[in-house]
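Coordinates in review
Each chain, written out:
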Amino acid sequence: MSRLKENLNPVTAEEMKALDAWAIDVLGLPSIVLMENAGLRAAEVVVSLAEEEGYKKIVTVCGKGNNAGDGFVCARHLFNRGFDVEVILVEEESRLKGDAKTNYDILKKMKVATSCLDQAKSLVLFKEKLNKADLLIDAIFGIGFNSFLAEPYRSIINLMNGSNKSIISLDIPSGVNADTGLVSSTAVKALKTVTFGRIKTGLTLNQGLNLSGEVVIADISIPDKKTETCLLKEPVETEDRRIENKLGNCQKCELYKTRTNIVAGEGNLNASILFIGEAPGANEDKTGHPFCGAAGKVLDELLNSAGISRNEVYIANILKCRPPQNRNPRTSEIQQCSVYLDYQIEIIKPKVICCLGNFSTAYILEKFGLKDKIEGISKIHGKIFVPDPKISDIKIVPLYHPAVVTYNVNMKGVLKADFKILAKI
Ligand code: URA
């Protein structure tokens, strides 16, 4: 295992996913073998630190994806080595699937201590568990994480950092963007990061450089550079990348002259719910992420109140570039920019589109043949519109724009009531 961060030809999340896919699909290495290798290598690093420091009690904090699966395998090997191991899921058990679920089921059969934050019902209990541990393993988010970190993950990560225990992160500290090393709200501060297969660019840049601590690159059986070069000639184009490629360095309207970043949109491309805002504001323009400023905080709170996690939805805007001084979008700008939104709708295939504010409501109602239903948002918020089934089976829900709460806090109640409807749908 190598322990240097520089001169290692870091890869992006996309390139790593392509390498994984190649090892699985072309070489025929079963994905569960790669997961086993990752968890075993991580366990070796943990054992060596634990033996040096005399650590006995190890708590592994897991999400629901493959990163959690690596955490389960690691926990199993630590348990077999005689450590006092507890696995805490920060997601409901029912959300585990594939290799991660297989490995979780094995842990349960082996009677390794497992609990769900949900079961524990409180972050207070979580904090107590962290306090009793000698060492924490962070297996919440892997390299797929690229959105804004919402609650309860923010509190979970803050409690882990605040516990002052040594933390070993698997693949990347949770909350760090694997490509840019940027952190949207908070991220795990690791003593060491065991990264799998190749070092990721995000571990060498920005906050990711410091948050990852010592980086150990673990060989999980993905072959070396020579073979890899053949693969990278034909990069796998993911849908996220397809949206970015389509946007390119768009200069369809004047807004390109004043923008800092294009804000394409982000979230789960398999989402059932697509939120469409108006246009990026100052924070969004600066970071390239949608709804990461004051209105984003309100949106997070509303999603939380409806029991919806930001990771489950996709968030886009009608305009992808910030209008100067946050002025209203112009009709010509909406016309030119909407090709990108149309493309996102085509890729995501949402079941429900939530239009935040008047501009997206008018655009979407017209797009789905409901022009005659367009009225001011104060009249139609919280209603469900159903297009002619010959056009689409998407349900359309106009909502007030969350920014309204930043001007009038009393509107939060109205928005919360409307968001409850979403939970029901
Ligand atoms: N308001 C919006 O409409 N979109 C954003 O991304 C942020 C604020």
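Quick notes on the rules
- Residues numbered from 1 in each chain as written.
- Predicted model: local features only at pLDDT ≥ 70, side-chain atom pairs only at ≥ 80, totals over all residues.
- Heavy atoms only, no water.
- pLDDT = per-residue confidence, 0-100.
- Contact = heavy atoms within 4.5 Å.
- Helix = DSSP H or I, 4+ residues; strand = E, 2+ residues; numbered from the N terminus.
- Pairing = 2+ DSSP bridges.
- Axes fitted to C-alpha atoms, helices over the stretch in contact; angles between N-to-C directions.
- Near = heavy atom within 4 Å.
- Polar contact = N/O pair within 3.5 Å; in protein donor to acceptor, adjacent residues only side chain to side chain.
- Areas by Shrake-Rupley, 256 points an atom, 1.4 Å probe, with all protein chains shown as cover.
- 1 Å grid on protein atoms, 1.4 Å probe; cavity = no way out; pocket = protein on both sides within 12 Å on 5 of 7 lines; lining within 4 Å.
- Sits in = over half its atoms within 2 Å of the grid points.
- Nonpolar A, V, L, I, M, F, W, Y, C, P; charged D, E, K, R; others polar.
- Phe/Tyr/Trp six-rings, centres within 6.5 Å; stacked < 30°, edge-to-face > 60°.
- Lys NZ or Arg CZ within 6 Å of the ring centre and 35° of its normal.
- Buried < 20%, exposed > 50% of the residue type's maximum accessible area, 1.4 Å probe, protein only.
- Domains from an automatic or database assignment.
- Buried area = accessible area lost by both parts, 1.4 Å probe.
- Salt bridge = Lys/Arg side-chain N within 4 Å of Asp/Glu carboxyl O.
- Core = buried A, V, L, I, M, F, W, Y, C linked by side-chain atoms within 4.5 Å.
- Points joined across faces, edges and corners; volume = space filled by probe spheres on them.

A short note on the confidence of the model for the protein
The share of residues in the protein with pLDDT of 70 or more is 94%, and the mean pLDDT across the chain is 92. For residues 1-7, every residue scores under 50 in pLDDT, and the model assigns this stretch 24 contacts once sequence neighbours within four places are set aside. Note that pLDDT drops below 50 for residues 232-236; the model gives that stretch two contacts with residues more than four away or on any other chain.

As for unusual backbone geometry
Here the residue pair E151 and P152 is connected by a cis peptide bond, since its omega of 5° sits within 30 degrees of zero. Relative to the elements of secondary structure, P152 occurs in the loop between strand 4 (135-139) and helix 7 (153-162). Positioned with a positive phi, S221 is a non-glycine residue whose angle comes to about 90°. As for its position among the elements, S221 is in the loop between strand 7 (214-218) and helix 9 (225-232). Look at Q325: it is not a glycine, yet its phi comes out positive at around 55°. Mapped onto the elements of the fold, Q325 is located in the loop between strand 10 (314-317) and helix 13 (331-348).

Remarks on the sheet that holds strand 2 (residues 84-89)
On the basis of which strands lie adjacent, the open sheet formed by seven strands has the order 3-2-1-4-5-6-7 and parallel pairing. At either end of the open sheet lies a strand with only one pairing partner, and these are strand 3 (113-116) and strand 7. Sheet twist, expressed as the average angle between the axes of neighbouring strands with direction ignored, equals 20°. With four bridges connecting them, strand 4 and strand 5 (residues 166-170) associate as parallel partners.

Some thoughts on the site of the ligand
Close contacts around the ligand come from G277, E278, A279, E284, P290, F291, N317 and H401, and that covers them all. One of the backbone nitrogen or oxygen atoms of E278 is found 2.7 Å away from an oxygen atom of the ligand. Backbone polar atom of F291 to an oxygen atom of the ligand: 3.0 Å apart, as the coordinates give it. In isolation the ligand has 240 Å² of accessible area, and contact with the protein removes 92% of it. Of the pockets mapped on this structure, the ligand occupies the second largest pocket. Across the shell around the ligand, the residue classes break down as three nonpolar, three polar and two charged.

Considering the packing of aromatic side chains
One pass over the structure, following the stated rule, counts four aromatic pairs. An aromatic cluster of at least three residues, connected via ring pairs, comprises F141, F145 and Y153. The positively charged end of K246 is found above the aromatic ring belonging to Y343, 4.7 Å away from the centroid. For K367, the ring lying beneath its charged end belongs to F368, and the centroid distance is 5.5 Å.

What about helix 14 (residues 358-367)?
Along helix 14, the positions that sit buried rather than exposed are S360, T361, Y363, I364 and L365. Elements that come into contact with the buried residues of helix 14 comprise strand 9 (273-277), helix 13, strand 11 (352-356), helix 15 (377-380) and strand 12 (395-399). Just downstream of helix 14 lies G369, where phi reads positive at about 75°.

Some details on the domain arrangement of the protein
Domains assigned within the protein are domain 1 (2-232) and domain 2 (239-424). Computed from C-alpha atoms alone, the centre-to-centre distance between domain 1 and domain 2 is 32 Å. Of the residues lining the interface, ten residues belong to domain 1; the matching set on domain 2 comes to eleven residues. Carbon and sulfur atoms supply 45% of the area that domain 1 and domain 2 bury against each other, a total of about 1100 Å² over both sides. The largest per-residue losses of area from domain 1 upon contact with domain 2 belong to E14, N146 and F148, which jointly make up 43% of the total buried on that side. Counting across the interface, domain 1 meets domain 2 through one salt bridge.

Structural notes on the sheet that holds strand 12
Reading across the sheet, the five strands line up as 8-10-9-11-12 and stay open at both edges, with mixed pairing between neighbours. Looking at the sheet topology across the chains shown, the edges are occupied by strand 8 (266-267) and strand 12. Examined bridge by bridge, strand 8 and strand 10 share two bridges and lie antiparallel to one another. The residue bridging E266 from the neighbouring strand is I315, located in strand 10. Where helix 14 meets the sheet, its contacts fall on strand 9, strand 11 and strand 12, and the angle it forms with strand 11 comes to roughly 140°.

A word on the nonpolar core
Membership of the largest hydrophobic core comes to 56 residues, with the highest contact counts inside it found for V46, F72, L78, V87 and F196. The biggest single contributor to this core is helix 2 (residues 31-53), with nine residues. Sequence-distant contacts of L78, defined by excluding residues within four places in its chain, comprise A43, V46, V47, I58, F83, V85 and I137. Of all hydrophobic cores here, the second largest spans 35 residues; its members include L269, A271, L274 and A316.

A few points about empty space enclosed by the protein
Counted under the stated rule, the structure contains two cavities of 30 Å³ or more. Looking at the largest cavity, it is lined by 13 residues, and the ones nearest its centre are C250, C253, L255, C321 and C337. Here the residues of the lining of the largest cavity sort into eight nonpolar, one polar and four charged. In this structure, the second largest cavity spans a volume of roughly 40 Å³. Of the residues assigned to the lining of the second largest cavity, the class counts are three nonpolar, two polar and three charged.

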